[in-house]
Amino acid sequence: MRIFVDGDAFPNLLKPIIFRSIERLNLETFVVSNKHITIGKSKLITYIVVEQGADEADNYIAEEVKEGDLVITADIPLADRVITKDAHAIDHRGELYSVDNIKQYLAIRNLMEKIRESGEMTRGPKPFDQKDAHQFANQLHKFLTKYYKI
C-alpha cells in the first residue's frame, strides 16, 4: 500500500499526523500539488509538483493510484475516481469514502455546484479545526489497523 496526499489545500494540522504514520509504518508516500509544500523530511516521501491547473494534481493521482492504495483528499470527484480503481480515500475531516457512499457525496456536491451556478449564495465548509484533525487521526488509525494490519 502506498499513500497519495492531494497536497493542494492540505491542512497544516494534519501534517504531523500523517508524517508520524508514514515514519512509524514505513509507508511509501507521494505528496502531489501545484506548488511545493512539505509535510516533513523523509526518505519515504516523494514530493511531486505538477503543472498549474485546477485538476492537474488530481489527474496525476488518479493515473498513478493502484488497487489498495490510500488517497487523502477533500476533492470528491477525485475520491470517486480513486474508489473506481479499488483504492481508498479519506478526506481531511476523517470521512472514509467507499463504494457505498461516494455516489451520494458526489450527487450532493454536484447539486450544490448547480445551486451556486444559479447565483444562490451558499456557505462553504466550516473552518478546519482541531476537532476535524482529531477525527482524521482516528479514521486514519482505524483504516491502517484494518488494511495495513498494524
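Our subject is the structure listed above.
Note that the coordinates shown come from a computational prediction; the quantities given were computed from them, not determined experimentally. (Residues numbered from 1 in each chain as written. Predicted model: local features only at pLDDT ≥ 70, side-chain atom pairs only at ≥ 80, totals over all residues. Heavy atoms only, no water.)

A.B. asks: I keep staring at the overall build of the protein and nothing clicks. Help me out?
C.D. replies: Regarding its fold elements, the protein presents five helices and six strands. The N-to-C order of helical and strand elements in the protein reads β-α-β-β-α-β-α-β-β-α-α. Projected onto its principal axes, the C-alpha coordinates of the protein cover approximately 45 × 35 × 30 Å. Relative to its 150 residues, the protein shows a buried fraction of 43%. Counting every atom, the protein has about 8,800 Å² of accessible surface; 53% of that belongs to carbon and sulfur. Within the protein, the 23 negative side-chain charges are centred at a point lying 6 Å from the centre of the 21 positive side-chain charges. (Helix = DSSP H or I, 4+ residues; strand = E, 2+ residues; numbered from the N terminus. Buried < 20%, exposed > 50% of the residue type's maximum accessible area, 1.4 Å probe, protein only. Areas by Shrake-Rupley, 256 points an atom, 1.4 Å probe, with all protein chains shown as cover. Lys, Arg positive; Asp, Glu negative; His and termini not counted. Charge placed at Lys NZ, Arg CZ, Asp CG, Glu CD.)

A.B. asks: I would appreciate a short explanation of the sheet that holds strand E1 (residues 3–6) in the present structure.
C.D. replies: Consider a sheet: its strands pair through backbone hydrogen bonds, and that pairing is either parallel or antiparallel. Pairing is mixed across the open sheet formed by six strands, whose spatial order is E3-E2-E1-E4-E5-E6. A strand with exactly one partner marks an edge of an open sheet, and here the two such strands are strand E3 (45–49) and strand E6 (96–97). Both E1 and strand E4 (residues 70–72) contribute to a ladder of three bridges, which runs parallel. What sits directly across from Ile-3, in E4, is Leu-70. Sheet contacts for helix H5 (residues 130–147): E4, strand E5 (88–90) and E6; angle to E5, the most-contacted strand, approximately 160°. (Pairing = 2+ DSSP bridges. Contact = heavy atoms within 4.5 Å. Axes fitted to C-alpha atoms, helices over the stretch in contact; angles between N-to-C directions.)

A.B. asks: Can you help me understand the nonpolar core in this one?
C.D. replies: Counting 22 residues, the largest nonpolar core has Ile-18, Ile-72 and Leu-140 as the members making the most contacts within it. For this core, the secondary structure elements donating two or more residues are E1, helix H1 (15–25), E4 and H5. Counting residues per element, this core draws most heavily on H5, at five residues. Not counting chain neighbours up to four residues away, the residues in contact with Ile-72 comprise Ile-3, Phe-4, Val-5, Asp-6, Phe-10, Ile-18, Ile-90, His-92 and Phe-136. (Core = buried A, V, L, I, M, F, W, Y, C linked by side-chain atoms within 4.5 Å.)

A.B. asks: Explanation requested: the pairing of strand E2 (residues 29–33) in the structure shown.
C.D. replies: Looking along a regular strand, one sees side chains alternate from face to face of the sheet. E2 sits mainly inside the fold: five of its five residues count as buried. By the alternation rule, side chains of E2 split into Thr-29, Val-31 and Ser-33 and Phe-30 and Val-32, which are all buried. Summarising the sheet, E1 and E2 pair through four bridges and their orientation is parallel. Residue pairing across strands places Asp-6 opposite Val-32, the latter belonging to E2. The parallel pair E1 and E2, bridged by H1, forms a crossover whose chirality is right-handed. In the sheet, E2 pairs with E3 via five bridges, with the strands oriented parallel. (Right-handed = clockwise from strand over helix to strand, strands pointing away.)

A.B. asks: It is not clear to me how the pattern of salt bridges should be interpreted in this structure. Could you clarify?
C.D. replies: Any two side chains of opposite charge can pair if their charged atoms end up close together. For the structure on display, the rule yields four salt bridges. One salt bridge in this structure joins Lys-103 and Asp-80, with 2.9 Å as the shortest N-O distance. Taken together, the residues Lys-103 in helix H4 (residues 102–117) and Asp-80 in helix H3 (residues 76–84) connect sequence positions 23 residues apart. Given the relative accessible area of 52%, Lys-103 is considered exposed. Residue classification places Asp-80 among the buried residues on the basis of a relative accessible area of 13%. Arg-93 is paired through a salt bridge with Asp-132; the nearest N and O atoms lie 2.8 Å apart. With Arg-93 in the loop between E5 and E6 and Asp-132 in helix H5, this pair connects stretches of sequence that are 39 residues apart. Arg-93 gets classed as partly exposed once you look at its relative accessible area, which sits at 25%. Exposure remark for Asp-132: the relative accessible area of 2% places this residue in the buried category. (Salt bridge = Lys/Arg side-chain N within 4 Å of Asp/Glu carboxyl O.)

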